[in-house]
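# What the coordinates show
Now for the letters of each chain:
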Amino acid sequence: SNIVAIVGRPNVGKSTLYNRLTETRKAIVDDFSGVTRDRHYGIAEWVGRSFTVIDTGGYVANSEDVFETAIREQVVIAIEEATVILFMVDVTTGITDLDDEIATLLRKGKKPVFIVVNKVDNHALQSDATLFYSLGLGEIYNISSMTGSGTGELLDEMIKCFDDEPAEENTLPKYAIVGRPNVGKSSIINALIGQERNIVTPIAGTTRDSIHIHYNRYGHEFMLIDTAGLRKKTKVKENIEFYSVMRTIKALEEADIIILMIDAVEGLESQDINIFHLAEKNKKGIVLVVNKWDLIEKNSKTVKVFEEQIMEKIAPFTDVPIVFTSVLEKQRLLKVIETAEQVYENRSKKISTSRLNDIMLPIIENYPPPALKGKHVKIKYITQINGNAPMFAFFCNLPQYIKEPYKRFIENKLRENFNFSGVPIQIFFRQK
Ligand code: GDP
């Protein structure tokens, strides 16, 4: 799992670069310092290697006094957690005190650093940019994150520093318990493994701080990935969040199933939704756990109302199991495990081509794809493609004529007829 952290002081253009890399363009880019941004991390790809990008700017607190501390701490966290650090500076301002401070921290760290000189929009500025060699961090990369010039060269060099994909350690299912600080992750892990927490063995090949716990009890055997076990001392609240996000992303890439825990009182917040979408994009199985259910005043409709509120926020992928727990009162903890196991089974399942066609072809015959420009799309047969997560190929005469609503219809029918609860599925239409 490769994580690229973009560090630098405010207004150097971190989120513009982030947007360019992830192409979400959803982050708010503007000229105000400390604006709370909606998205902080996303998936990017360069020559077939996918990686996670973190825009550290999104985590910086608004208030002036914690501002610089926050940035410094983020650099420290980035040095610990990221594979590669992009240190962004601004050619139009030269080297500021904060740039110098960040450079000092980066020189002490052992991680590869790329100095990204931003706003080099013309030839004249290129010679100004050479000033940044004096930061003592090696090669500089001139870019204009507005126009995108220079980013290709940067990324070519950057991916040379990536870790190779780790070899599979074992074949046991891996469940990661993730969620914001204080939702109850440590508590549930303690409740599940009790005194045996000290048998925890960090597994070779994974980072020292990603804890894998071998669970083997009552007929259930799996690896738990614990993101709560180690905590970071920090005075800045935003950095606790930042640290937890870095951890979560790592765990997410290692796991098969993501157990996303939320606090019943606080509900599903934007950070949770971001994690959810990241899991979905990574084709991981997902179980939602609403913890501290003991704190909610309930009537016969409460569960349904909660479920509906959650569905609305995670749409369109809503076929996800939700378990309401109280770790405090030991309510439904085993149910969490059983649900994760069910999702794991759903994600690993292979449906035979004959069963798939027997069930899906009559449905398609009843509701064929709408004709386009007088041409009729005929789906001939369907097959499941081998892979880690469910993928289906629908062979037809005119795949390019099939639009999103029909694809969604097909997905719903697959979900109705075969249990894919908690599992993102991919559907491809291919030329017969
Ligand atoms: P983590 O940061 O996600 O690991 O959260 P912790 O496990 O440390 O829990 C944070 C706080 O929430 C602690 O004070 C727990 O005792 C409390 N807590 C955890 N689960 C529950 C629960 O089901 N109900 C209630 N009322 N409190 C809980």
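Parameters and conventions
Residues numbered from 1 in each chain as written. Predicted model: local features only at pLDDT ≥ 70, side-chain atom pairs only at ≥ 80, totals over all residues. Helix = DSSP H or I, 4+ residues; strand = E, 2+ residues; numbered from the N terminus. Buried ≥ 20, exposed ≤ 12 C-beta atoms within 10 Å, placed from the backbone. Contact = placed C-beta atoms within 7 Å. Pairing = 2+ DSSP bridges. Axes fitted to C-alpha atoms, helices over the stretch in contact; angles between N-to-C directions. Core = buried A, V, L, I, M, F, W, Y, C linked by C-beta atoms within 7 Å. Expected span 1.5 Å × (residues − 1). Bend = angle between axes of the 7 residues up to and from the residue. pLDDT = per-residue confidence, 0-100.

The secondary structure content of the protein amounts to 12 helices and 15 strands. With 432 residues in all, the protein has 39% of them scored as buried. Here the contacts in the protein between residues at least 6 apart in sequence split such that 71% fall between residues at least 24 apart.

This part is about the sheet that holds strand β11 (residues 285–291). Strand pairing in a sheet takes place through backbone hydrogen bonds and is either antiparallel or parallel in direction. Strand order in the open sheet formed by 6 strands is β8-β9-β7-β10-β11-β12, with mixed pairing between adjacent strands. The open sheet has two edge strands, β8 (211–217) and β12 (322–324), and neither has a second partner. Averaged over all pairs of adjacent strands, the angle between strand axes in this sheet comes to 25°, irrespective of strand direction. The sheet contact formed by β8 and strand β9 (residues 220–226) spans 7 bridges and is antiparallel.

Right, let's get into the sheet that holds strand β5 (residues 113–118). Taken in spatial order, the 6 strands of this open sheet run β2-β3-β1-β4-β5-β6, and their pairing is mixed. Each having just a single partner strand, β2 (41–46) and β6 (140–142) make up the two edges of the open sheet. With direction set aside, neighbouring strand axes in the sheet form an average angle of 30°. Summarising the sheet, β2 and strand β3 (residues 49–55) pair through 6 bridges and their orientation is antiparallel. The residue of β3 that forms the bridge with Y41 is I54. Against the sheet, helix α3 (residues 97–108) contacts β1 (3–7), β4 (84–90) and β5, and its axis sits at roughly 160° relative to β4.

Core analysis: the biggest nonpolar cluster contains 99 residues, and F87, I115, V117, I259 and L260 have the highest contact counts within it. It is helix α7 (residues 237–254) that contributes the most residues to this core, 7 residues altogether. Among all residues touching L260, those that are not within four sequence positions of it are V178, G179, D272, I275, F276, I286, L288 and V289. Counting residues in hydrophobic clusters, the runner-up holds 10 residues, among them M360, V377, I402 and F429.

That bond from A315 to P316 is cis: its omega, 10°, falls within 30 degrees of zero. With respect to the element layout, P316 can be found in the loop between α9 (302–314) and β12. The backbone of K119 sits at a positive phi, close to 70°, despite the residue not being glycine. Structurally, K119 is set in the loop between β5 and α4 (123–129). Here K292, not a glycine, exhibits a phi torsion of approximately 65°, which is positive. Take K292: it is sitting in the loop between β11 and α9. Classification of K292 by C-beta neighbours within 10 Å gives buried; the count is 22.

So, on to helix α11 (residues 353–366). With 14 residues, α11 should reach 20 Å at 1.5 Å per residue; the first-to-last C-alpha distance of 20 Å fits that figure. Along its length, α11 reaches its greatest deviation from straightness, about 25°, at M360, and the proline P362 lies no more than four positions downstream. Residues of α11 that are buried include every one of L356, M360 and I364, and no others. Those residues of α11 that are buried lie in contact with β13 (379–385) and α12 (404–417).

Glancing now at the environment of Q431. Within the secondary structure, Q431 is located in strand β15 (residues 426–431). A sequence separation of 220 residues divides Q431 from I211, and the C-alpha atoms of the two residues are 45 Å apart.

With that settled, the discussion passes to helix α8 (residues 270–281). Counted at 1.5 Å a residue, the expected span for α8 with its 12 residues is 16 Å, and the 16 Å between its end C-alpha atoms agrees. Two residues or fewer after α8 comes K283, characterised by a positive phi angle close to 60°.

Positionally, E157 belongs in helix α5 (residues 151–158). For E157, a count of 14 C-beta atoms within 10 Å translates into the label partly exposed. Here the alpha-carbon distance between E157 and Y141, two residues 16 residues apart in the chain, equals 9.8 Å.

A low pLDDT means the predicted coordinates there should not be read in detail. Scored by pLDDT, the protein comes out at a mean of 85, with 87% of its residues at no less than 70. Below a pLDDT of 50 lies the segment residues 24–38, which in the model reaches 33 contacts outside its immediate sequence neighbourhood of four places, other chains included. A low-confidence stretch, residues 198–209 stays under pLDDT 50, and its non-local contacts, those more than four residues away or across chains, total 15 contacts. ipTM for the predicted complex: 0.93, alongside a pTM of 0.79.

This part covers the environment of F87. Looking at the secondary structure, you find F87 in strand β4. Taking the number of C-beta atoms within 10 Å as the measure of exposure, F87 has 25 and is therefore buried. Taking the C-alpha atoms as reference, F87 lies 8.3 Å from A103; in sequence the two are 16 residues apart.

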